[in-house]
Structures are given as structure tokens and as C-alpha cells.
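For reference, the chains in residue letters:
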Amino acid sequence: MKTIAISAGLMAVALTLGTGGEVAQAAASPMNAQLDRVLTAAAEAGFSGVVLVGDARNTLYEKSLGLADRESKLANSPDLAWRWASVSKQLTSLVVAQLVAEGKLSLDASVGDYLPPAQFPATNAKTITIRQLLQHTSGLPNPSDGTTLEMPIPPFYRTPASAVAVHSAPTRGSCSGPAKQAPGARFDYNNCDYFVLGAIIEQLTGQRYAEVVATRVLGPLKLASVYLGGAAGTEQRLERVKGYEAANKPEQTSFSLTTYGASGGWLGTPRDLLKLDQAMLGDDILSAKMKEQFWAGNPKFGYAALAVWSFPASLKGCKGTVELVERRGHIGEVQVRNILAPKLSKAVVVFTNRGDWTFGEIWQGKGFSYDLLSAALCSN
């Protein structure tokens, strides 16, 4: 079995750190035992990454496997900086939800109500709504179209960009080009939607996007490890995890993380992502009213909600279906799954630095994600 188990935190009540920074083990539980079995099998299949499970207040399980840097033998850890990739969209959506709650933004108002033509010259700016941006039904052009095996990272993300200019429409010219289809016609995953949301956030607050997220979300929740790649005033605060295309093949780092901005440019520790989830399970950072609006999955669009997917899942060991709120991310060879089970008040965070790792689809009733969630949410 080619794996290195770094830490396994099995907790029932409170998080207790040992002298080595590992989570002290508490009495084993059925959930812990089942999760260990799932991850042992995953490790034998080549999984490299971290898994955390928590409820609204505590970390219930934590395990790290494999190496963050194969050359230096640095072990994976929930205390290293991982790319949050498109989980970054959840940070953006939290700010949007706050602005909606404050009456400064309306989900059904148009982009053109907030961005002048000089800033966003798209011909359909007056017909695309904020809700459609959040749900990826805007019909905006997609800079990732035309991606091939030979060029998995499109040129749009290869050219280094100033973090100050990332959300400025003139520098994101392709996002304001001809529409692909009418707004609301169909789901089409597209980072341009969140670049535009970032520009709207800046327009409404008079601050840079990264500053707004830091002030409204990161600061209040004490997410000290989280930062936007390339943003002014930030630096590499923690050692970053390296991605691998296969067991020993480093990724081709032919992209500029800065260019992902509000759509995918954030980094931070898995522990801080779990803290964000715990805040969302409560009603302080995202009110019950906002959750009702943002977490309503639409079957017409593959259960896409606003910034997440929200759907009922049949899991092994659970009676009836479990309502899940899922956010995925993948940049380069780092993948992340961030999953909430609001009615069970639990969250599951998974990062892997194997780009070829297969999570499987929960609805298929098999695969890594299905087995992991069944263990985390249905083991008594």
C-alpha cells in the first residue's frame, strides 16, 4: 500500500491538538471506523489528499494521506495551503448574499443595473440577471471553450494578470463578447459569470474584491490562512501543495492562479474551509432566508442552485434521502469537494493533489464520494 498516514483526528466533542500539531484521537466511533475503511481502500487505489468531517461546532474526523511535495517528501496536511479552485465561488456568493440582505443588490435585477456599458459592454447586459450569473445560466461566452487534451488550460488563464484588473471588464474582453444563448435558456458552467459578479461587488462597495471578501467573510470568521492568489498585500503564507497528473508526474503549471479571481483564485487550509462550512451550517454568515434562496437546486439545470448544487441523495445506511449542498473545484491537478448536509448539520471536506483521481457521482450509488458520504453521514 503506497501511502503515508499523517494524522487521523477522531473527535467526539472538542478539537485537541497534540505537541506535533496532530489532532488527538478520541474513542473510536462507528463513523470513524467506517471512514477509516473507506480511506484505506482509497489509499490502496492511489488517493493522496486530506479528508475532514465536522458538525456545526466540532471537527469529528481528520485524515491526511500521501505527499504534498514528492521531491521534498513533504506530507499532505490540513495545515498547508491548497487551491480552493471553484470553491472560491462560495466566498463570492456569500458577499453577494450579504449585499442582497442589505438591499444593495437584487437577485433578479440585471447586470446592466449595476455595471455601466463602459465597464461591461455586453449586448445582453440588460437581460442577464444576478441570479443567472450565480446559477451559470447567463449565456455569456466561456473562455474555457475549445480546451483540448493538448491544451487543458486555455490561453485566457495562461497570461499573468494584475489582481487589481482581474474584475475589470475591459481586461476580460471575451466575457463581454457575443452571447452563446439567451439568458436562462440552459446551464453552462462558466467562470465569466463570477468575474462579472466580482466587478459588481467592487462597483457596489467601492473596494477591491479581495478586500471586500476579507472584511466581510474572512475576518469575522477568523480564516487567517485564506488569501487570493496575487492580490495586493498577500504573500505565500503557507507552503503550497503541489498537484500531480499521476502518481509521480508533476502537473504542468502553465496557468496564472491570479487570473481566476472571484471564480477560483483563493487558497487556504482545509481546516479553514471546514470552519467556513460550519459558519454556513449556522445562520450568522448566511441567514436561513438566504440559504432557502441560494440552496434551492433546480432539476431543470441538473440541480444547480446559486453557486452550488443542491440535491437529494440516497446513501448507504441512511433512511430516506439526504439533502446535500455540493461545491466542486479543480484547477491544474488539485481537486476539491466541499459538501454540506444541512439537515444533519454536517460537512465533509476533501482535497486531493491527484488530478487523475476519480470521485465518482453520488447519484450513481457507487464510487469514492458515495462511499465517503455514506460513512460520514449514515454511520451510527
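The structure this text deals with has already been given above.
The following paragraphs examine the structure supplied in this document. Not measured: the values here are computed from a predicted model. (Residues numbered from 1 in each chain as written. Predicted model: local features only at pLDDT ≥ 70, side-chain atom pairs only at ≥ 80, totals over all residues. Heavy atoms only, no water.)

**Considering the overall build of the chain**
Which entries qualify depends on this criterion: What counts as a helix is a DSSP run of H or I of at least four residues, what counts as a strand is a run of E of at least two, and both are numbered from the N terminus. The classification of residues rests on relative accessible area computed with a 1.4 Å probe and restricted to protein chains. Under 20% of the type maximum is buried, over 50% is exposed, and intermediate values are partly exposed. Residues count as neighbours in contact if any of their non-hydrogen atoms are within 4.5 Å of one another.
For the chain, the helix and strand inventory stands at nine helices and 14 strands. With 380 residues in all, the chain has 56% of them scored as buried. A fraction of 68% describes how many contacts in the chain between residues 6 or more apart in sequence connect residues 24 or more apart.

**Regarding the state of the cysteines**
Heads up, the rule is: By disulfide we mean two sulfur atoms from cysteines, separated by a distance within 2.5 Å.
Under the counting rule described, the total for this entry stands at two disulfides. Between Cys175 and Cys192 runs a disulfide, and the two sulfur atoms are separated by 2.0 Å. Between Cys175 and Cys192, the disulfide has an S-S torsion of -75° and is therefore left-handed. With Cys175 in the loop between α3 (130-135) and α4 (192-205) and Cys192 in helix α4, this residue pair connects regions lying 17 residues apart in the sequence.

**Let's talk about the sheet that holds strand β6 (residues 82-83)**
Convention followed: Strands are labelled as partners when DSSP assigns at least two bridges between them. Note on geometry: axes are lines fitted to C-alpha atoms, helical ones only across the stretch in contact, with angles between N-to-C directions running from 0 to 180 degrees.
Ordered in space as β6-β10-β7, the three strands form an open sheet in which the pairing is antiparallel. Strands with a single pairing partner mark the edges of an open sheet, and in this sheet they are β6 and β7 (227-228). With two bridges connecting them, β7 and strand β10 (residues 266-268) associate as antiparallel partners. Note that in β10 the partner of Tyr227 across the bridge is Leu267. The sheet contacts of helix α5 (residues 209-221) involve β7 and β10, and relative to β10 the element is tilted by about 40°.

**Here we look at the environment of Thr129**
With respect to the secondary-structure elements, Thr129 resides in the loop between α2 (88-101) and α3. A relative accessible area of 14% means that Thr129 is categorised as buried. Sequence separation between Thr129 and Ser106 is 23 residues; the distance between their C-alpha atoms is 8.7 Å.

**A word on the packing of aromatic side chains**
Geometrically, a pair of aromatic rings is defined through the distance of the ring centres and the angle of the planes. Note the following rule: Here a pair means two rings of Phe, Tyr or Trp (six-membered ring of Trp) with centres within 6.5 Å. Their orientation is stacked below 30 degrees between planes, edge-to-face above 60, and tilted elsewhere. For a lysine, the NZ atom is tested; for an arginine, the CZ atom; a charge sits over a ring if that atom is within 6 Å of the ring centre and within 35 degrees of the ring normal.
Throughout the structure, instances matching the rule amount to 10 aromatic pairs. Ring plane angle 20° and centroid distance 6.3 Å describe the contact between Tyr189 and Trp309, whose orientation is recorded as stacked. Note that Tyr189 is positioned in the loop between α3 and α4 and Trp309 in strand β11 (residues 309-313), a separation of 120 residues in sequence. On the basis of relative accessibility, which here comes to 29%, the residue Tyr189 falls in the partly exposed class. Every member of this aromatic cluster is reached through a ring pair, and the members are Phe47, Trp357, Phe359 and Phe368. Here the guanidinium or amino end of Arg70 rests over the ring plane of Tyr244, the centre of that ring lying 4.8 Å away.

**Comments concerning the pattern of salt bridges**
Where we set the bar: Salt bridge, as used here, is a side-chain nitrogen of Lys or Arg placed within 4 Å of a carboxyl oxygen of Asp or Glu.
Overall, the coordinates contain 17 salt bridges when judged by the stated rule. Residues Arg271 and Asp79 are paired through a salt bridge, measuring 2.7 Å at the closest nitrogen-oxygen approach. With Arg271 in helix α7 (residues 270-281) and Asp79 in the loop between β5 (74-75) and β6, this pair connects stretches of sequence that are 192 residues apart. A relative accessible area of 15% means that Arg271 is categorised as buried. Linking Arg328 and Glu326 is a salt bridge whose minimum nitrogen-to-oxygen distance equals 3.1 Å. Residue Arg328 is classed as partly exposed on the basis of its relative accessible area, which comes to 26%.

**Some thoughts on the pairing of β11**
With four of five residues buried, β11 is to be regarded as a mostly interior element. For β11 and strand β12 (residues 322-331), the ladder comprises five bridges, and the chain directions are antiparallel. By the bridge assignment for β12, Trp309 is matched with Glu326.

**Observations concerning the packing of α2 against α5**
How we decide: Every angle not falling under 35 degrees, over 145, or within 65 to 115 is termed oblique; those three ranges are roughly parallel, roughly antiparallel and roughly perpendicular. In this classification, Asp, Glu, Lys and Arg are treated as charged, Ala, Val, Leu, Ile, Met, Phe, Trp, Tyr, Cys and Pro as nonpolar, and every other residue, Gly included, as polar.
Direction vectors running N to C along α2 and α5 enclose 75°, while the axes themselves pass 10 Å from each other. For the element pair α2 / α5, the angle class is roughly perpendicular. On the side of α2, the interface is formed by Ser88, Leu91, Thr92, Leu94, Val95, Gln98 and Leu99, while α5 contributes Tyr209, Val212, Val213, Arg216, Val217 and Leu218. For the contact of α2 with α5, the residue count by class is nine nonpolar, three polar and one charged.

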